Amino acid sequence: MITKDKVLNVLEENINEYVSGEDLASKLNLSRTAIWKAIKTLKGRGYKIESITSRGYRLKDSSDVLSEDKIKNLIKANLNVVVMDSVDSTNTYAKRIGEESYEPTLIVANSQTRGKGRMGRFFYSPKGSGVYFTLLLKPKIDISQSVLLTTLAAVSVACEVEKMLGKEVKIKWVNDLLIDNKKFCGILTEGSISIENSELNYAVIGIGINVYSPAKGFPKDISNIATSLLGSSNISYDFKNKLVANVVNNFMQTYSNIEKSPHLNAYKQRSIAIGKIVNVIKLDKEENAKVLDLGDDFSLIVEYEDGSIENLKNGEIRIKI
Ligand code: BTN
């Protein structure tokens, strides 16, 4: 283990307490200068460490730093893990690996400069607020079943957020996750298709979660509809690493059986649209409809005002509250 990790371990064992430089040095059999350097590196990585000459160093439990090592240790599946401070888009990055030298990979970032949302929209991904991650996989499903990936990701995030925070999570078909009617997570699944056999060459499942309120607040166009999991709370040691790993573990556990839709009930139970009047948004028009049910293929079964019924396989709805 390298020096900075050894120092971090001792500070973690004594979280929120001061540990003197002398104690650290003798416990780890290192010089005081080596300790000082390690502390400097850890601070540079974002760990909140207070130093007081007479008392030593104190790691604050408000430190929430993405760490490749920690995520790797927590993940059960055999995946490459890449953690970056900033990237254009974790989905775009994953697609580059998919094209060049595919290996099952998890890409995680602190911020994205070109975060992508559905329908060609921009996904707000500022540093210090959320966590943005993408799974690159080769699912053995037909392209017509790719909704299974988005819906499984939605269920995995919902279940793990509920476990970690005890909050009720709702799913707005097909890819938005809500707490108290506000969106905290969006999912974008993309892929490359083999035209010969209509199979997926690879798929990228991108998940963006607002963890903290952005320093400058959410931009005006989303401030009424967006929320974050922890707001401005600062007691969240390692929250992002655990959240990403828990979601990925949950996803990978069900993924091997994905073609059987084992997550259908969990999705349906959390679906906010069933029984509601919604606006169905299509390329050229918007129409009111009542949501009757969710089909076994995750299609939304809606009844329009003229009595006609449609099974929506994709698209977007706006819920009228
Ligand atoms: C949406 O709400 O429209 C979908 C948003 C998906 C955002 C995630 S963040 C990680 C991954 N990388 C991207 O560029 N987009 C997805």
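Each remark here, short or long, concerns the structure printed above.
The structure contained in this document is the topic of the report that follows.

About the criteria used
- Residues numbered from 1 in each chain as written.
- Predicted model: local features only at pLDDT ≥ 70, side-chain atom pairs only at ≥ 80, totals over all residues.
- Heavy atoms only, no water.
- Helix = DSSP H or I, 4+ residues; strand = E, 2+ residues; numbered from the N terminus.
- Rg over C-alpha atoms; globule rule 2.2 N^0.38 Å.
- Buried < 20%, exposed > 50% of the residue type's maximum accessible area, 1.4 Å probe, protein only.
- Contact = heavy atoms within 4.5 Å.
- Areas by Shrake-Rupley, 256 points an atom, 1.4 Å probe, with all protein chains shown as cover.
- Lys, Arg positive; Asp, Glu negative; His and termini not counted.
- Charge placed at Lys NZ, Arg CZ, Asp CG, Glu CD.
- Axes fitted to C-alpha atoms, helices over the stretch in contact; angles between N-to-C directions.
- Parallel < 35°, antiparallel > 145°, perpendicular 65-115°, else oblique.
- Nonpolar A, V, L, I, M, F, W, Y, C, P; charged D, E, K, R; others polar.
- Salt bridge = Lys/Arg side-chain N within 4 Å of Asp/Glu carboxyl O.
- Core = buried A, V, L, I, M, F, W, Y, C linked by side-chain atoms within 4.5 Å.
- Phe/Tyr/Trp six-rings, centres within 6.5 Å; stacked < 30°, edge-to-face > 60°.
- Near = heavy atom within 4 Å.
- Polar contact = N/O pair within 3.5 Å; in protein donor to acceptor, adjacent residues only side chain to side chain.
- Pairing = 2+ DSSP bridges.

With that settled, consider the overall build of the chain. Secondary structure assignment for the chain yields eight helices and 15 strands. Rg of the C-alpha trace for the chain: 22 Å, near the compact-globule value of 20 Å for 321 residues, within the 12% margin. Dimensions of the chain, computed from C-alpha atoms along their principal axes, come out at roughly 80 × 45 × 30 Å. Split into buried and exposed, the 321 residues of the chain put 51% on the buried side. Counting contacts in the chain only where the partners sit at least 6 residues apart, residues at least 24 apart contribute 62% of the total. When the accessible surface of the chain is totalled, it reaches about 16100 Å², and 47% of it is carbon and sulfur. Charge centroids of the chain, computed over 44 positive and 39 negative side chains, lie 6 Å from each other.

Omega for the bond connecting Trp173 with Val174 falls within 30 degrees of zero, at 5 degrees, which places this linkage in the cis form. Summarising the element assignment, Val174 is placed in the loop between strand 7 (170–172) and strand 8 (176–179). At Asn16, a residue that is not glycine, the phi angle is positive and equals roughly 70 degrees. Along the chain, Asn16 turns up in the loop between helix 1 (3–13) and strand 1 (18–19). A residue is classified by how much of its surface remains accessible, and Asn16, at 28% relative accessible area, is partly exposed.

Helix packing geometry: the angle between the two helix axes and the distance between the axes. As a packed pair, helix 1 and helix 3 (residues 32–45) sit with axes 9 Å apart at the nearest point and diverge in direction by 80 degrees. Classified by the interaxial angle, the pair formed by helix 1 and helix 3 is roughly perpendicular. Residues Thr3, Lys4, Val7, Leu8 and Leu11 of helix 1 lie in contact with helix 3, whose contacting residues are Ala34, Ile35, Ala38, Ile39, Thr41, Leu42 and Arg45. Class assignment for the residues of the contact of helix 1 with helix 3 results in eight nonpolar, two polar and two charged.

A full pass over the atoms with the stated rule returns 22 salt bridges. Here Lys183 ties to Asp176 by a salt bridge, and the two come within 2.9 Å at their closest N and O atoms. For Asp293, the salt bridge goes to Lys268, with nearest N and O atoms at 3.2 Å. Taken as a pair, Asp293 in strand 12 (residues 286–294) and Lys268 in helix 8 (residues 264–270) lie far apart in primary sequence, 25 residues in all. For Lys268, a relative accessible area of 30% translates into the label partly exposed.

Core analysis: the largest hydrophobic core is formed by 69 residues, its most contacted members being Leu106, Phe133, Leu177, Phe184, Ile209 and Phe251. It is helix 6 (residues 147–165) that contributes the most residues to this core, eleven residues altogether. Discounting chain neighbours no more than four positions away, the residues touching Leu106 are Ile71, Ile75, Leu79, Asn80, Val81, Val82, Phe133, Thr134, Leu135, Val244 and Val248. In terms of nonpolar packing, the next biggest core, distinct from the first, is built from 18 residues, Leu24, Ala38, Leu42 and Ile49 among them.

For the structure shown, the criterion picks out three aromatic pairs. Pairing Phe123 with Tyr132 gives two aromatic rings, centres 6.4 Å apart and planes at 75 degrees, and the pair type is edge-to-face. A relative accessible area of 0% places Tyr132 in the buried class. Both rings, one in Phe251 and one in Tyr255, keep their centres 5.7 Å apart while their planes meet at 25 degrees; by these two values the pair is stacked.

With respect to spatial proximity, 21 residues lie near the ligand, and among them Ser89, Gln112, Lys116, Arg118 and Lys183 are the closest. Here an oxygen atom of the ligand sits 2.7 Å away from a polar atom, N or O, in the side chain of Ser89. Between Gln112 and the ligand, the recorded distance is 2.9 Å, taken from a side-chain N or O atom to a nitrogen atom. Bound to the protein, the ligand loses 98% of the 420 Å² it would expose on its own. Those elements that place two or more of their residues in the shell around the ligand are helix 5 (90–100), strand 6 (130–137), strand 9 (182–194) and strand 10 (199–210). Tallying contributions element by element places strand 9 first for the shell around the ligand, with four residues.

What follows concerns the sheet that holds strand 2 (residues 49–52). Taken together, the three strands give an open sheet; going across it, the order is 1-3-2, and neighbouring strands pair in antiparallel fashion. Each of the sheet's edge strands pairs with one partner strand only, and the pair in question is strand 1 and strand 2. Bridge analysis of strand 2 against strand 3 (residues 56–59) gives four bridges, and the strand direction is antiparallel. Bridged to Ile52 within strand 3 is Gly56. Each of strand 1, strand 2 and strand 3 touches helix 1; the most contacted strand, strand 3, lies at about 75 degrees to it.

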